[in-house]
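Spelled out from the first residue to the last, the chains are:
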Amino acid sequence: MTTTSGSLASSRSLAYIALFAALMAVFGLIPKIDLPFGVPITLQSLGVMLAGCLLGPRRGFLAIALFLLAVALGLPLLPGGRGGLSVFVAPAGGFLFGWMFGAFACGLLMRLAVRRIGGATGLPLLAAAFLSALVGGIGVVYAFGIVGLSLIAHMSLSQAALAMLVFIPGDLIKCGICAMLVQTVMRGMPGWRLDRD
């Protein structure tokens, strides 16, 4: 019985990982907004936040890693039909690596917050999801992005950090959307567990 339930849980985890990797690909169909320093504005960072907050740290990380593996293999899943190894050494390459760790951080913070607030929904859950997306989806991802941009575009870290300011308003909106979607999922699927991976 334990083996059967374990294999079902494992199959469900694989399905969720594949589903969110596919969601990232769907977000890649939405056109990007190109900026002068080579890092475009895309909707895929919202996918990173959602993967972490809804799947937890491990599965969120694996969903983004699966998506990036497909990109590395040449599938044109990034906005503008980009794919292949070259995108990882472009100015936005640091962000791509940061997505995995950003999803992990979102999931870890979400899990800790949900355990603290218990079964609360409403405003506590909304705030927990927003803060998790903020720290993981902006803080962690930007840390990788700034270092990557600095190395590849030959900018100082402070110059690269200043260049990132243009992304803040849009990413804050994505944090809000992520929080609302997490709350919607919990209302529509009360059996969804945010406190386990």
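Here, residues in each chain are numbered from 1, in the same order as that chain's written sequence. Thresholds applied to this predicted model are a pLDDT of at least 70 for local features of residues and 80 or more for the giving and counting of side-chain atom pairs; totals over whole chains, interfaces and linings are not thresholded and use all residues. With hydrogens and water excluded, all non-hydrogen atoms of the structure serve as input to the side-chain values.

- As annotated in an unreviewed UniProt entry, the chain is Biotin transporter from Variovorax guangxiensis.
- UniProt positions are given in the numbering used here, feature names are shortened, and annotations may be inferred rather than shown by experiment. Its UniProt record gives the chain the following Sequence similarities (unreviewed entry) comment, quoted word for word: "Belongs to the BioY family."
- Quoted verbatim from the Subcellular location (unreviewed entry) heading of the UniProt record, the comment on the chain is "Cell membrane".

**Remarks on the overall build of the chain**
Reasoning step 1: Scanning the chain for helices and strands turns up seven helices and zero strands.
Reasoning step 2: Numbering goes from the N terminus for both helices and strands, where a helix is a DSSP run of H or I of at least four residues and a strand is a run of E of at least two. Order of helices (α) and strands (β) in the chain, N terminus to C terminus: α-α-α-α-α-α-α.
Reasoning step 3: The C-alpha extent of the chain, read off along each of the three principal axes, is 55 × 35 × 25 Å.
Reasoning step 4: Only protein chains enter the calculation, and the probe is 1.4 Å; a residue is then buried if its accessible area is under 20% of its type maximum, exposed if over 50%, and partly exposed in between. When the 197 residues of the chain are sorted by exposure, 44% land in the buried category.
Reasoning step 5: Any pair of residues with heavy atoms lying within 4.5 Å of one another is described as a contacting pair. For the chain, contacts bridging at least 24 residues in sequence account for 71% of all contacts bridging at least 6.
Reasoning step 6: Here the open area of atoms and residues is found with the Shrake-Rupley method and a 1.4 Å probe, where only the protein chains shown may cover a residue. When the accessible surface of the chain is totalled, it reaches about 9,500 Å², and 74% of it is carbon and sulfur.
Reasoning step 7: Positive: Lys, Arg. Negative: Asp, Glu. His and the chain ends are not part of the count. For the purpose of locating charges, the reference atoms are NZ of Lys, CZ of Arg, CG of Asp and CD of Glu. Between the centroid of the 12 positive side chains of the chain and the centroid of its 4 negative side chains there is a distance of 8 Å.

**Description of the environment of Pro-190**
Reasoning step 1: Note on placement: Pro-190 falls in the segment after helix 7 (168–188).
Reasoning step 2: As for Pro-190 and Gly-119, which are separated by 71 residues in sequence, their C-alpha atoms are 9.9 Å apart.

**A closer look at the state of the cysteines**
Reasoning step 1: Disulfides are defined in this document as cysteine sulfur pairs within 2.5 Å. Considering all chains together, one arrives at zero disulfides under this definition.
Reasoning step 2: With no disulfide of its own, Cys-175 has Cys-178 as its nearest cysteine by sulfur position, at a separation of 7.1 Å.
Reasoning step 3: Between Cys-178, a free cysteine, and Cys-53, which holds the nearest cysteine sulfur, the sulfur-to-sulfur gap is 4.0 Å.

**Brief notes about a nonpolar patch on the surface**
Reasoning step 1: Patch building starts from residues that exceed 30% relative accessible area and form no salt bridge, then joins like charges within 9 Å and nonpolar side chains (Val, Leu, Ile, Met, Phe, Trp, Tyr) within 5 Å. In what follows, salt bridge is the name for a side-chain nitrogen of Lys or Arg lying within 4 Å of a carboxyl oxygen of Asp or Glu. A cluster of nonpolar side chains, Val-89, Val-147, Leu-151, Ile-152 and Leu-157, forms an exposed patch at the surface whose accessible area comes to about 470 Å².
Reasoning step 2: In terms of residue count, helix 5 (residues 122–152) provides more of the nonpolar patch than any other element does, three residues in total.
Reasoning step 3: Mapped onto the elements of the fold, Ile-152 is located in helix 5.
Reasoning step 4: Judged by relative accessible area, which is 31%, Ile-152 ranks as partly exposed.

**Regarding helix 4 (residues 93–117)**
Helical periodicity: at 3.6 residues per turn, an α-helix aligns residues three or four positions apart in one direction.
Reasoning step 1: The terminal C-alpha atoms of helix 4, which comprises 25 residues, lie 36 Å apart, in line with the 36 Å expected from a rise of 1.5 Å per residue.
Reasoning step 2: Along helix 4, the sharpest change in direction is near 35° and occurs at Trp-99.
Reasoning step 3: Trailing helix 4 by a residue or two, Gly-118 shows a phi angle of about 70°, which is positive. Helix span, as expected, comes to 1.5 Å for every residue beyond the first. At any given residue, the bend is defined as the angle formed between two axes, one fitted to the seven residues that end at that position and one fitted to the seven that begin there.

**A few points about the environment of Trp-99**
Reasoning step 1: You can see Trp-99 is positioned in helix 4.
Reasoning step 2: Along the backbone, Trp-99 and Gly-74 are 25 residues apart, and their C-alpha atoms lie at a distance of 18 Å.
Reasoning step 3: Not counting residues up to four positions away in its chain, the partners in contact with Trp-99 are Met-24, Gln-44, Val-48, Ile-64, Phe-67, Leu-68, Leu-78 and Val-141.

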